[in-house]
Amino acid sequence: VEDLGAQLSSIQAPDGTEYLWQGDPDIWARRAPILFPFIARLRENTYYLDGQPYTISPHGFARDMVFSLADQGEDHISLQLTDTPETRKVYPFSFSLTVTYTLEGNRLKKSHRVENRSDKDMYYELGAHDGFRVPGPMKEWSVRLPGLEAVRLYGMDGQLMVTPPGFTMPHFS
């Protein structure tokens, strides 16, 4: 786990098999960015709050900021990001974002906690964009989302703006 963006840097099996995408500048250089306080792009990178325009980079700023160590134990680590004068220029809220990774046997559990420290409603989106490396043929692997029967897919237009939901993909577990 890296402090920059609180993103995973490697997930390896005991035999050394790497399961996390390691980045390739020709394809996608990142590995597991956390998207906050916005997931998608904004038209002209701008939103309005109480009539005031705010310009923010696509996917927000969390992925490019250094998180501080909040807690660490033998089987877990928590990293935290809090607002700064710089973040308040583009996102006028007091907040904390805590990301916790916990090992449970041979499984890795990731959780996110967002706390509003402002005295007003705080609007945000939170996205996990973990990239996985599949060793071997894709047909031998699946993604399981317990509790979901189907996933509704959204698309993007030519300017990478989210479009209305398209088709529904059944969930097979």
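Quick notes on the rules
Residues numbered from 1 in each chain as written. Predicted model: local features only at pLDDT ≥ 70, side-chain atom pairs only at ≥ 80, totals over all residues. Heavy atoms only, no water. Helix = DSSP H or I, 4+ residues; strand = E, 2+ residues; numbered from the N terminus. Buried < 20%, exposed > 50% of the residue type's maximum accessible area, 1.4 Å probe, protein only. Contact = heavy atoms within 4.5 Å. Areas by Shrake-Rupley, 256 points an atom, 1.4 Å probe, with all protein chains shown as cover. Core = buried A, V, L, I, M, F, W, Y, C linked by side-chain atoms within 4.5 Å. Phe/Tyr/Trp six-rings, centres within 6.5 Å; stacked < 30°, edge-to-face > 60°. Lys NZ or Arg CZ within 6 Å of the ring centre and 35° of its normal. Patch = residues over 30% accessible without salt bridge, like charges linked within 9 Å, V, L, I, M, F, W, Y side chains within 5 Å. Salt bridge = Lys/Arg side-chain N within 4 Å of Asp/Glu carboxyl O. Pairing = 2+ DSSP bridges. Lys, Arg positive; Asp, Glu negative; His and termini not counted. Polar contact = N/O pair within 3.5 Å; in protein donor to acceptor, adjacent residues only side chain to side chain.

Draft legend 1. Focus on the overall build of the chain. In terms of helices and strands, the chain carries one helix and 10 strands. Across the 173 residues in the chain, those meeting the buried criterion constitute 29%. Residue pairs in contact within the chain that sit at least 24 positions apart in sequence constitute 49% of those at least 6 positions apart. A total accessible area of about 11600 Å² is found for the chain, and carbon and sulfur atoms account for 51% of it.

Draft legend 2. Spotlight on the nonpolar core. The biggest cluster of nonpolar side chains holds 26 residues, and the ones touching the most others in it are Phe 36, Phe 61, Phe 67, Leu 81, Tyr 91 and Leu 97. Contributing elements (two or more residues each) for this core: strand E2 (46-49), strand E5 (76-82) and strand E6 (95-104). Setting aside residues no more than four positions away along its own chain, Tyr 91 makes contact with Phe 36, Pro 37, Tyr 47, Phe 61, Met 122, Tyr 123 and Tyr 124.

Draft legend 3. Inspection of the packing of aromatic side chains at higher detail. Enumeration according to the criterion identifies 10 aromatic pairs in this entry. Plain terms: the ring middles of Phe 36 and Tyr 91 are 5.9 Å apart, the flat faces sit at 75° to each other, and that makes the pair edge-to-face. Of this pair, Phe 36 sits in the loop between strand E1 (34-35) and E2 while Tyr 91 is found in the loop between helix H1 (85-90) and E6, placing the two residues 55 residues apart along the sequence. Classification of Phe 36 by relative accessible area gives buried; the value is 0%. Overall, Tyr 91 belongs to the buried group, its relative accessible area being 1%. Lys 120 extends its terminal NZ or CZ atom over the ring of Phe 93, reaching a point 5.3 Å from the ring centre.

Draft legend 4. Fine view of a nonpolar patch on the surface. A contiguous nonpolar surface patch, about 260 Å² in accessible area, is contributed by Val 143, Leu 145 and Leu 148. Tracing the backbone through its elements, the reader meets Val 143 in the loop between strand E8 (127-128) and strand E9 (150-156).

Draft legend 5. Layout of the pairing of E2. With burial as the criterion, only one face of E2 is covered, namely that bearing Tyr 47 and Leu 49; the residues Thr 46 and Tyr 48 on the opposite face remain uncovered. Sheet topology note: the E2/strand E3 (residues 52-55) ladder contains four bridges and is antiparallel. From the neighbouring strand, Leu 49 faces E3, where its bridge partner is Gln 52. Here E2 folds back onto E3, and the loop between the two strands holds two residues, one of which, Asp 50, carries a positive phi near 50°.

Draft legend 6. Here's a closer look at the side chain of Glu 18. Mapping Glu 18 onto the fold places it in the segment before E1. Here Glu 18 sits buried without a salt bridge, and the closest side chain of opposite charge, Arg 133, lies 7.2 Å off (N-O distance). At a separation of 2.5 Å, a polar atom in the side chain of Glu 18 contacts the side chain of Ser 10. A polar contact is formed between the side chain of Glu 18 and the side chain of Gln 12, at a distance of 3.3 Å. Excluding residues that lie within four positions of it along the chain, Glu 18 makes contacts with Ser 10, Ile 11, Gln 12 and Arg 133.

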